[in-house]
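Chains, contacts and geometry: an overview
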Amino acid sequence: MRDTATMPAPAAAPTPVVFRGGLFTPATSRIAGALALFGLIGLWQGASSLGWISPIFAPSPARVANALIGMAQSGELQDHIMASLARLFGGYALGMTGGVLVGLMIGLFGVFRSAGIAVVSAFFPIPKIALLPLFILWFGIGEGSKVATIAFGTFFPTVVATYGAVDNVDRSLVRMGRAFGLSTLAIITKIILPGSLPGIISGLKIASSIGIVLLIAAEMIGANQGVGALVLSAGNLMQTDQLLAGVVMLSVLGLTIGGFIGAIEKRLLVWR
Amino acid sequence: MRLIADRIHHKYGPLPVLEDISFTVEDGEVVAIVGPSGCGKSTLLRILGGLEKPASGGALCAGEAPAGSLNPFTFVFQDFALLPWRTVAQNVRLPLEGHGLPEAEIAARIADTLARTKLTDFADAYPKQLSGGMKQRVGIARALAVKPAILLMDEPLSALDAQTRELLMDDLVHLHEQGNLSSVYVTHNLDEAVRLADKVIVLRRRPGKINAVVELKVPRTARDGTDAEMARQTKELWHLIRADAEAADREILDA
């Protein structure tokens, strides 16, 4: 007969090892995103309809939509948007082109590097809107000064992003190009430029949002047309529905430009 | 084509890194350079390939490069150095561009080297889609496409896992049996050296100078990992390197 007292206790049934490998990997859901957005608008509409929110200070989404439709029907909205887009694209095109070119020169050639970085560092921290009065003196109160402010404001971040992108191109690829006897021009066009493209594009994204800020600021200081002018004059007249309609347009504008650059990025950078 | 290292001396600042290195890579010969880390073997390879200037002495070449050679001294890099935005075929194409070759010849060279490196089915893949072994095959294909006289391989298998290394080593052995290709093969892996080389140059460190030259007589294709002669030679090489490797391991780095 076995003496159970001296036997080791029977092994407990195996239990699974506790899982603790869960990490912070938030799942994304388009539906949840849309729900949050529409839910917020619904809450706002509900609060307005119940009279909890004063229609003068914060008009309901329905009134904002009405204002948008009204301005669209009269053609006023389109005029403002076209005026803003023309300034934005004019300034952005100048700032972007110049910024990429100067950034490449700084990134590629030692001669430009020290001088370029010193100048860029001095100008980079200036809030460019501070230069608008000067630009008004130089280029007049019309389009010139606004385009110049946007061009100037988008130029510097583009320069910084571009030479940073050139600096970040894997040096071992450049060494490979040399080892295979590629010409300097071929190394620039076939290795450095494509290699710096991702960094340049992310710089252009940042520059585009800076461009929109400067656009609105410049239009608030001196313009009759444009989304910034619309928002400012609507505020002065207590037309908060039109004011918010303008703000909604700015959100749409920002999203559209961001989506546009994102689409270009996706096309050019399939290899990533 | 022969490559001659002629009394190469090199310094980084006051620190001598290479001292009086002379040897010859004969036509069709594979020379392995082994040594502990810090012995200057990669520097030596860069000097041989014209990427770095020695303090004195230099690399000489004698004889004709093969017909159609675009780059007689061609590197294969440890980190592959592939352009991530180009497909496999486009990466192999890179060194063929700008020489005025007819398009048909470029296409033929790409097809031929992809076939020799078993990459034909991967011609349109991007590097990020490939395993390390496949990436290095692209590196080798790119090097072969320019019809090199001498391949300069800098730790080509060191970034790969052990099994992939074995497979690529078979390919390299095969490649050197196929054609009259000379190579300088820098490695810290003695097995690789004993497997591939006709001659192993053992460097010692600080400064790097030639400690011994070991000739391997067994034909490349007859060697395999279980061969007693190979084991003996690996042991002999280890014996030559061990003290230096220990010193390298125990060194405090100034940084």
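Remember, it's a predicted structure, so these values are computed and weren't measured experimentally.

For the rest of this paragraph, the subject is the sheet that holds strand E8 (residues 199-204) of chain B. Residues and elements named next belong to chain B. As summarised here, the arrangement of the 6 strands in space is E5-E6-E7-E3-E8-E9, forming an open sheet in which the pairing is mixed. Strand pairing shows two members of the sheet lacking a second neighbour, strand E5 (73-76) and strand E9 (209-215), which therefore form its edges. In this sheet, neighbouring strand axes are inclined to one another by 20° on average, regardless of whether the strands run parallel or antiparallel. As defined by bridge partners, strand E6 (residues 150-154) adjoins strand E7 (residues 182-187) across 5 bridges and the pair is classed as parallel. Paired with Leu-152 across the bridge in E7 is Val-184. The sheet strands contacting helix H5 (residues 162-178) are strand E3 (30-34), E6 and E7, and the helix crosses E7 at an angle near 155°.

What follows covers the side chain of Thr-162 of chain A. Structurally, the position occupied by Thr-162 of chain A is in helix H6 (residues 143-167). Not counting residues within four places of it along the chain, the set of residues in contact with Thr-162 of chain A comprises Gly-99, Val-100, Gly-103, Leu-104 and Ile-200 of chain A.

Turning our attention to a nonpolar patch on the surface. A cluster of nonpolar residues, Met-105, Phe-109, Val-111 and Phe-112 of chain A, forms a patch on the protein surface that exposes about 380 Å² of accessible area. Following the sequence through the fold, Phe-112 of chain A ends up in helix H4 (residues 110-123).

Here the structure, examined in full by the defined rule, presents 20 salt bridges over all chains. Its salt-bridge partner being Arg-113 of chain A, residue Asp-167 of chain A comes within 2.6 Å of it at the nearest N-O pair. Of the two residues, Asp-167 of chain A sits in helix H6 while Arg-113 of chain A sits in helix H4, which places them 54 residues apart along the sequence. Overall, the relative accessible area of 33% leaves Asp-167 of chain A in the partly exposed class. Of the residues examined, Arg-113 of chain A reaches a relative accessible area of 26% and is grouped as partly exposed. Across the pair Arg-109 of chain B and Glu-105 of chain B runs a salt bridge whose closest N-O atoms are separated by 2.9 Å.

This next bit is on the packing of H6 of chain A against helix H8 (residues 184-221) of chain A. All names here are of chain A. Following both chains from N to C, one finds H6 and H8 inclined at 155°, their axes separated by 7 Å at the closest point. Of the possible angle classes, the one that applies to H6 and H8 is roughly antiparallel. The handedness of the crossing between H6 and H8 is right-handed. Touching Lys-146, Thr-149, Ile-150, Gly-153, Thr-154, Pro-157, Thr-158, Ala-161, Thr-162, Ala-165 and Val-166 of H6 are Ile-192, Ser-196, Gly-199, Ile-200, Gly-203, Leu-204, Ala-207, Ile-210, Gly-211, Leu-214, Leu-215 and Ala-218, all from H8. When the residues that make up the contact of H6 with H8 are grouped by side-chain class, the tally is 13 nonpolar, 9 polar and 1 charged.

Residues and elements named next belong to chain A. In the structure shown here, the tally under the stated rule is 11 aromatic pairs over all chains. Taken together, a centroid distance of 5.8 Å and an interplanar angle of 55° make the contact between Phe-135 and Trp-138 tilted. With a gap of 3 residues between them, Phe-135 and Trp-138 both fall in helix H5 (residues 132-139), about one helical turn apart. The class for Trp-138 is exposed, based on a relative accessible area of 56%. Both rings, one in Trp-138 and one in Phe-139, keep their centres 6.1 Å apart while their planes meet at 85°; by these two values the pair is edge-to-face. Owing to a relative accessible area of 45%, Phe-139 belongs among the partly exposed residues under this scheme. An aromatic cluster is built from Phe-123, Phe-135, Trp-138, Phe-139, Phe-152, Phe-155 and Phe-156, whose rings are joined through pairwise contacts.

Cut-offs and rules
- Residues numbered from 1 in each chain as written.
- Chains lettered and ligands numbered in written order.
- Predicted model: local features only at pLDDT ≥ 70, side-chain atom pairs only at ≥ 80, totals over all residues.
- Heavy atoms only, no water.
- Pairing = 2+ DSSP bridges.
- Helix = DSSP H or I, 4+ residues; strand = E, 2+ residues; numbered from the N terminus.
- Axes fitted to C-alpha atoms, helices over the stretch in contact; angles between N-to-C directions.
- Contact = heavy atoms within 4.5 Å.
- Patch = residues over 30% accessible without salt bridge, like charges linked within 9 Å, V, L, I, M, F, W, Y side chains within 5 Å.
- Areas by Shrake-Rupley, 256 points an atom, 1.4 Å probe, with all protein chains shown as cover.
- Salt bridge = Lys/Arg side-chain N within 4 Å of Asp/Glu carboxyl O.
- Buried < 20%, exposed > 50% of the residue type's maximum accessible area, 1.4 Å probe, protein only.
- Parallel < 35°, antiparallel > 145°, perpendicular 65-115°, else oblique.
- Left-handed = near helix turned anticlockwise from the far one by under 90°.
- Nonpolar A, V, L, I, M, F, W, Y, C, P; charged D, E, K, R; others polar.
- Phe/Tyr/Trp six-rings, centres within 6.5 Å; stacked < 30°, edge-to-face > 60°.

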